[in-house]
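A look at the structure
Single-letter residue listing:
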Number of protein chains: 2
Amino acid sequence: MKKLINDPDSVVEEMISGYLKAHSSIVNGLDANPRSIIKTNAGSKDKVSVIIGGGSGHEPAFMGYVGAGMADGAAVGNIFSSPPPDPVVEAAKASHTGSGVLLIYGNYQGDVMNFGMAVDILEMDEDIEAREVVVKDDIASASKEEAEKRRGIAGEFFVTKTAGAAAEQGYSFDDVQRLTEKANRNVASMGVGLSPCSLPQTGKPSFVLADDEMEIGLGHHGEPGVERDKLTTSQHVTERILNDIIIDMGLKQKEEVSVLINGLGSTTRMELYIMYDKVESLLKEKGITIYKSYVGDYSTSMEMGGCSISLLRMDDELKPLIDAPAKCPMYTQS
Amino acid sequence: MKKLINDPDSVVEEMISGYLKAHSSIVNGLDANPRSIIKTNAGSKDKVSVIIGGGSGHEPAFMGYVGAGMADGAAVGNIFSSPPPDPVVEAAKASHTGSGVLLIYGNYQGDVMNFGMAVDILEMDEDIEAREVVVKDDIASASKEEAEKRRGIAGEFFVTKTAGAAAEQGYSFDDVQRLTEKANRNVASMGVGLSPCSLPQTGKPSFVLADDEMEIGLGHHGEPGVERDKLTTSQHVTERILNDIIIDMGLKQKEEVSVLINGLGSTTRMELYIMYDKVESLLKEKGITIYKSYVGDYSTSMEMGGCSISLLRMDDELKPLIDAPAKCPMYTQS
């Protein structure tokens, strides 16, 4: 696949450089670590600090979500690989105000190890209280019985939004953690993959699918899904995915959800809205109300083809957090 | 190319249906014409009405830009083809307040004809004062001597932003038109194409490029560019395009510009920020200051690979309009 880059070995550095220049009113890089990004005014207000991060290649996730009402800082890894503990620690040190640091990341082995080490370093070496919320929204990645093994995908947007808004609204560390965990427990996602992306350094596709095939439940790095099938209609795929999510969440009539239809990279807004159209009808049929909707590229896999559906079960505590304004380089809500 | 759709003949209808459901707090459809979309509160405030539109397949353009601080209404055409006059007329009728209607669209034969007819119908049959601004920012599509023949591409975002903000701020019809024309005169764009998109109905690629080729100046519907070449580095492409824009605009040291790096569909944020990084360095070298930056998918060509650079020359009158808030389904600025 063609890429408009300079040197495959420096894509992340050049991306960060361009990003910081383009959005210097909102985000800063840190001298202490070139892979740490923080809000320009981080630390200026006494609040819980929210730090996110993960591999590159998922933009707008993760660094695109640093800003008012979202994360205070992000640690940027190489493409599809976890950042080491150091940029996490530095982002936390640069943004914390003594009210605690909450780390949010997806459930991948490398992230679990590195963010876990960052928590230890912060607590033991820096005397900064740090806790973590590990996102596990991809219901295709493990059964409900083994939900602890599930990976994190696009639903992390909702979890980050909740944490960022709760911190901004001055909730205590205990409450920010509790609300973030509540969002995390009440979000479920599942995707479909149509075409692979390729890594700049290898140029090789992340997986192989025939011209008439799709893969239900495919992971954000090309991890195998639950079913490889002939490409069928959007309606059919939507019904298949949405029903699994509804069953997994145990959603009942009269419940309220927020919906995220996430594009993986090269899937058009047209296709995402066609999918939303069916999601809305199906939820209505089941008597489930949509509270708020998000349609677009929220967590990509480079130029992968495909998309995912995420539902977040709403309650009176989560609603004002999802409604709260946000101002980040790659996401604004007003 | 694989598409997640139901029926190729109903993609636009289903997209609109999903779009209106997802964003019902911001936009409404019109009973008078299913291809007319207006702001929910259109007509409630005495101001110039701004109507945009064009073919589908360019989302977020055009319907994604209906909302506070941007357009009051949009007419939605079939994929890559102009809407007929009727949805333009209906959007204008539903949103105008007697202060005039400004139509903004790109310089394509079908749009010129249909929006032109809409102006006539509004003026003669409906007694609504209507004027038009035709966007011609693509400097690769004709020489400076034949600038009237140039097509409209991503720079239309800046023109719409200017018009929407000016109307919102209560400028007179004459002034909204004058400011919109000023933005239009002072914006220049040029793109590069890497890979084609395909139309849902035919499945055929919009153009053909070899695996190691790119096309400088390629149009938003696959119209031929100015140069087909071997794919080279991002820096090289950026330098080539940016220099042409700077020369065409006659930009001089100490001038200020806003920058838009627009992705055509499947080009990653990573690549767009790498391009921005070089744009910033080159402008700095030339003593040109960047006022505000936009990086992302602002006007796509389905899943086409490639991107464009747009520069808008700033002055004290345009700055507050570019800075003004906007709240649309596919674009929020705060």
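Quick notes on the rules
Residues numbered from 1 in each chain as written. Chains lettered and ligands numbered in written order. Predicted model: local features only at pLDDT ≥ 70, side-chain atom pairs only at ≥ 80, totals over all residues. Heavy atoms only, no water. Helix = DSSP H or I, 4+ residues; strand = E, 2+ residues; numbered from the N terminus. Rg over C-alpha atoms; globule rule 2.2 N^0.38 Å. Buried < 20%, exposed > 50% of the residue type's maximum accessible area, 1.4 Å probe, protein only. Contact = heavy atoms within 4.5 Å. Lys, Arg positive; Asp, Glu negative; His and termini not counted. Charge placed at Lys NZ, Arg CZ, Asp CG, Glu CD. Pairing = 2+ DSSP bridges. Buried area = accessible area lost by both parts, 1.4 Å probe. Salt bridge = Lys/Arg side-chain N within 4 Å of Asp/Glu carboxyl O. Polar contact = N/O pair within 3.5 Å; in protein donor to acceptor, adjacent residues only side chain to side chain. Nonpolar A, V, L, I, M, F, W, Y, C, P; charged D, E, K, R; others polar. Domains from an automatic or database assignment. Least-squares fit on C-alpha atoms with pLDDT ≥ 70 in both. Axes fitted to C-alpha atoms, helices over the stretch in contact; angles between N-to-C directions. Expected span 1.5 Å × (residues − 1).

By the naming in an unreviewed UniProt entry, chain A is Dihydroxyacetone kinase, N-terminal domain, taken from Salibacterium halotolerans.

**Brief notes about the overall build of chain A**
Across its full length, chain A holds eight helices and 14 strands. Relative to its length of 334 residues, chain A is compact, with a C-alpha radius of gyration of 19 Å against a globular reference of 20 Å. In chain A, buried positions account for 64% of the 334 residues. For chain A, restricting intrachain contacts to residue pairs at least 6 apart in sequence, the fraction spanning at least 24 positions comes to 73%. Taken together, the 32 basic and 50 acidic charged side chains of chain A have centroids lying 5 Å from each other.

**Overview of the pairing of strand β3 (residues 49-56) of chain B**
Residue and element names in this part refer to chain B. Counting buried positions along β3 yields eight of eight residues, so the element is predominantly enclosed. Judged from the four bridges that link them, β3 and strand β5 (residues 101-106) form a sheet pairing that is parallel. In the sheet register, Val 50 faces β5, and the bridge partner there is Leu 102.

**Some words on the interface of chain A and chain B**
Where the parts come together, the accessible area they lose is often given as the size of the interface. Tallying the contact residues gives 56 residues for chain A and 56 residues for chain B. For the pair chain A and chain B, the two sides together bury roughly 4,700 Å², of which 62% comes from carbon and sulfur. When the buried area of chain A at its contact with chain B is split by residue, Lys 2, Leu 4 and Met 270 of chain A rank highest and sum to 20% of it. For the pair chain A and chain B, the interface holds four salt bridges. The salt bridge partner of Lys 21 of chain A is Asp 277 of chain B, with a shortest N-O separation of 2.8 Å. Counting across the chain A and chain B interface gives 28 residue pairs in polar contact (both at pLDDT 80 or more). Of the residues in the side of chain A that touches chain B, the class split is 24 nonpolar, 18 polar and 14 charged.

**Some remarks on the domain arrangement of chain A**
Residue and element names in this part refer to chain A. On domain assignment, one finds that chain A holds domain 1 (8-186) and domain 2 (187-321). A separation of 23 Å is found between the C-alpha centroids of domain 1 and domain 2. On the domain 2 side, the residues contacting the 38 residues of domain 1 number 40 residues. Together domain 1 and domain 2 conceal approximately 3,400 Å² of surface at their shared face, both sides included; 62% is due to carbon and sulfur atoms. Between the two partners, domain 1 and domain 2, sit five salt bridges. In this structure, the salt-bridge partner of Lys 144 is Asp 248, at a minimum N-O distance of 3.9 Å. Between domain 1 and domain 2 we count 17 residue pairs in polar contact (both at pLDDT 80 or more) in total.

**Considering the relation of the copies chain A and chain B**
The transform that puts chain A on chain B rotates by 180 degrees and translates by 0.0 Å along the axis, for an RMSD of 0.0 Å. Viewed as a symmetry operation, the transformation between the two copies matches a two-fold axis. When C-alpha distances to the rotation axis are compared across chain A, the minimum falls at Ser 266 of chain A, with a value of 2.1 Å. By residue overlap, the copies meet face to face through one surface: 100% of the interface positions of chain A are interface positions in chain B.

**Description of the sheet that holds strand β7 (residues 187-195) of chain A**
Sheets are built from strands that pair by backbone hydrogen bonding, the pairs being arranged parallel or antiparallel. Residue and element names in this part refer to chain A. Here six strands make up an open sheet; going across it, the order is β9-β8-β7-β12-β10-β11 and the pairing mixed. Lying at the two open borders of the sheet, with one neighbouring strand each, are β9 (227-230) and β11 (289-296). On average, each strand axis in the sheet is tilted by 15 degrees relative to the strand beside it, whichever way the strands run. Bridge count between β7 and strand β8 (residues 213-216): two bridges; the pairing is antiparallel. Residue pairing in the sheet places Val 192 in a bridge with Ile 216 of β8.

**A closer look at the pairing of strand β2 (residues 33-39) of chain A**
Residues and elements named next belong to chain A. Counting buried positions along β2 gives six out of seven residues, so the element sits mostly inside the fold. Note: strand β1 (residues 27-30) against β2, four bridges, orientation antiparallel. The residue bridging Leu 30 from the neighbouring strand is Asn 33, located in β2. As defined by bridge partners, β2 adjoins strand β4 (residues 73-79) across three bridges and the pair is classed as antiparallel. Bridging from a neighbouring strand, Ser 36 pairs with Ala 75 of β4.

**Considering the sheet that holds strand β9 (residues 227-230) of chain B**
All names here are of chain B. Pairing is mixed across the open sheet formed by six strands, whose spatial order is β9-β8-β7-β12-β10-β11. Across the chains shown, the open sheet's two edge strands, defined by having one partner strand only, are β9 and β11 (289-296). On average, adjacent strands in this sheet sit at an angle of 15 degrees to one another, irrespective of strand direction. Of the strand pairs in this sheet, strand β10 (residues 256-263) and β11 are connected by six bridges, and their pairing is parallel. Within the sheet, the bridge partner assigned to Val 257 lies in β11 and is Ile 290. Along the sheet, helix α4 (residues 156-168) makes contact with β7 (187-195), β10, β11 and β12 (305-313), crossing β10 at roughly 120 degrees.

**Quick word on helix α3 (residues 109-124) of chain B**
Side chains of residues three or four places apart in an α-helix project in the same direction, reflecting 3.6 residues per turn. Residue and element names in this part refer to chain B. In this model α3 runs 22 Å from its N-terminal to its C-terminal C-alpha over 16 residues, within 8% of the 22 Å that 1.5 Å per residue would give. Burial in α3 covers these residues: Asp 111, Asn 114, Phe 115, Gly 116, Ala 118, Val 119 and Leu 122. Packed against the buried residues of α3 are β3, α2 (85-95), β5 and β6 (130-135).

**Digging into the environment of Val 134 of chain B**
Assignment of secondary structure puts Val 134 of chain B in strand β6. Placed 116 residues apart in sequence, Val 134 of chain B and Gly 250 of chain B show a C-alpha to C-alpha distance of 21 Å.

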